[in-house]
Amino acid sequence: MTAAQKSRAPAHAVGRRSAPPPESGVGRPRTGRRRRVAVLTPWLFLAAPLTLLVMFTYLPVADMIGYSFTDWDGVSPTRSFVGGENYTDLVARPARFEVFLVSGFYLAASVVQIALALYFATVLSFNTRFRNLFKGLLFFPYLINGVAVGFVFLYFFQPDGTLDTLLRLIGVDGKHLWLGDPDLANPSLAGVSVWRFMGLNMVLFLGAIQSIPPHLYEAAQLDGANRWQQFRHIIAPSIKPVISLSFILAVSGSLAVFEIPYIMTGGANGTETFVIQTVKLAFQFDKVGLASASAVVLLVLILLITWVQRRLIPEERVELS
């Protein structure tokens, strides 16, 4: 081997060693595949709940809107298209909308319910004895089935029943027709809704209050602020979005009350709500088309009121520091 050949051999070997490995180009498809998997993974987790939401919410709503333009009685295999006749029938009878006056009792009860829930959430957010026990006791009514709650309070409001017995202990005698007197029936039913749903609002408020940084309370105590001042200047401004949400749910819920009055009175003695009226149209008078139009009107009304509330009370981002 000549000297020139010897000098070329190491250079050729070094050139082969310094060349990039052939596997470097293979990593690009793998990286692209990983990105696609990362993008699709959240949708895979959302597939099941979205499917259930579409099947049991949006498709039934679409069917209901379709039924509202027919004269279907709920039984016949055929139904005729009647256009907007059902909606015209609803507008032509303003008496059908008088039942919304009953919702006023539940709306007033919702204000009381929110006030009580806010009070208990504030008290239980501080170091109170047996606070976990009180949390469980206040939240427990929300866990009970609405039908069971209705039957329990049927006995509670019976003449000479549990409520009358308790009133006698404090000196109030006499039998009261709590569910038979039109002047007492709606306030009694609204009181049941306060008992049942107050725990839910309390938990919402309690979760929001517990997210407030503790050092804000410490600074307030150093400045000499009492509990009321801490609530007014720290708690209330911090949980304002949750309070706004509770009022939105209260208004929409008061318009769509069904379980408690339907189980306890069936809508008698002036306790009929718009939803009970709609159910009767469908299952007692076999007017599913008219009942569907009534349900669509209620849905549009709730969406409209919710939109107005969101415009009047815009969502605010609270900065906690």
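Here is what the cut-offs are and how they apply
Residues numbered from 1 in each chain as written. Predicted model: local features only at pLDDT ≥ 70, side-chain atom pairs only at ≥ 80, totals over all residues. Heavy atoms only, no water. Axes fitted to C-alpha atoms, helices over the stretch in contact; angles between N-to-C directions. Helix = DSSP H or I, 4+ residues; strand = E, 2+ residues; numbered from the N terminus. Parallel < 35°, antiparallel > 145°, perpendicular 65-115°, else oblique. Left-handed = near helix turned anticlockwise from the far one by under 90°. Contact = heavy atoms within 4.5 Å. Nonpolar A, V, L, I, M, F, W, Y, C, P; charged D, E, K, R; others polar. Buried < 20%, exposed > 50% of the residue type's maximum accessible area, 1.4 Å probe, protein only. Patch = residues over 30% accessible without salt bridge, like charges linked within 9 Å, V, L, I, M, F, W, Y side chains within 5 Å. Areas by Shrake-Rupley, 256 points an atom, 1.4 Å probe, with all protein chains shown as cover. Salt bridge = Lys/Arg side-chain N within 4 Å of Asp/Glu carboxyl O. Lys, Arg positive; Asp, Glu negative; His and termini not counted. Charge placed at Lys NZ, Arg CZ, Asp CG, Glu CD. Phe/Tyr/Trp six-rings, centres within 6.5 Å; stacked < 30°, edge-to-face > 60°. Lys NZ or Arg CZ within 6 Å of the ring centre and 35° of its normal. Core = buried A, V, L, I, M, F, W, Y, C linked by side-chain atoms within 4.5 Å.

Asks: Can you help me understand the packing of helix H3 (residues 85-92) against helix H14 (residues 288-312) in this one?
Replies: The relative placement of two packed helices comes down to the angle between their axes together with the axis-to-axis distance. In the contact formed by H3 and H14, the axes pass within 9 Å of each other and the chain directions differ by 70°. Classed by the angle they form, the pair H3 and H14 counts as roughly perpendicular. Classified by chirality, the crossing of H14 by H3 is right-handed. Residues Asn-86, Tyr-87, Asp-89 and Leu-90 of H3 pack against Gly-289, Leu-290, Ala-293, Ser-294, Val-296 and Val-297 of H14. Among the residues making up the contact of H3 with H14, the classes are represented as six nonpolar, three polar and one charged.

Asks: In this structure, what is going on with unusual backbone geometry? I would like to understand it.
Replies: Both trends apply: most residues other than glycine have a negative phi, and most peptide bonds are in trans. The phi dihedral of Phe-130 falls on the positive side, at around 60°, and the residue is not glycine. Turning to its location among the elements, Phe-130 is positioned in the loop between helix H4 (100-125) and helix H5 (131-143). Of note in the backbone geometry, Asp-160 takes a positive phi value of approximately 65° without being a glycine. Here Asp-160 shows up in the loop between helix H6 (146-156) and helix H7 (162-169). Since its relative accessible area comes to 37%, Asp-160 is described here as partly exposed.

Asks: Explain a positive patch on the surface to me, please; I cannot follow it from the model alone.
Replies: Positive charge collects at one region of the surface, where Arg-30, Arg-33, Arg-34 and Arg-36 lie side by side. Inspection of the secondary structure puts Arg-36 in helix H2 (residues 27-67).

Asks: What's the story with the packing of aromatic side chains in this structure? I'm lost.
Replies: Aromatic ring pairs are defined here through the distance separating the ring centres and the angle between the ring planes. Per the stated rule, a full pass over the model turns up 17 aromatic pairs. Their ring planes at 20° and their centres at 6.2 Å tell us that Phe-97 and Phe-100 sit as a pair that is stacked. Classification of Phe-97 by relative accessible area gives partly exposed; the value is 27%. Judged by relative accessible area, Phe-100 falls into the buried class, the value being 17%. Between Phe-157 and Trp-178, the aromatic rings sit 6.4 Å apart at their centres with planes inclined by 50°, giving tilted as the arrangement. Linking Phe-157 in the loop between H6 and H7 with Trp-178 in the loop between H7 and helix H8 (182-210), this pair joins segments that are 21 residues apart in sequence. Here Phe-157 matches Trp-178 in class, with each residue buried. Ring pairing ties together the aromatic residues Phe-153, Phe-156, Phe-157, Trp-178 and Trp-195, which thus form one cluster. Lying over the aromatic face of Trp-72, Arg-79 brings its terminal NZ or CZ to 5.4 Å of the ring centre. Looking at Arg-227, its charged tip hangs above the ring of Phe-126, at a distance of 3.9 Å from the centre.

Asks: Explain the nonpolar core here, please?
Replies: Note on soluble globular proteins: their nonpolar side chains tend to be buried together. Within the largest apolar cluster, 22 residues are counted, with the highest numbers of intra-cluster contacts made by Phe-205, Tyr-217, Ile-235 and Ile-239. Taken together, the elements giving at least two residues each to this core come down to H4, H8, helix H9 (214-222), helix H10 (227-238) and helix H11 (240-255). Per element, the largest residue contribution to this core is six residues, and it comes from H8. The contact partners of Ile-235, leaving out residues within four places of it in the chain, are Thr-122, Phe-126, Ile-209, Ile-212, Tyr-217 and Gln-230. By size, the runner-up hydrophobic cluster in this structure holds 17 residues, among which are Phe-157, Val-192, Val-194 and Ile-260.

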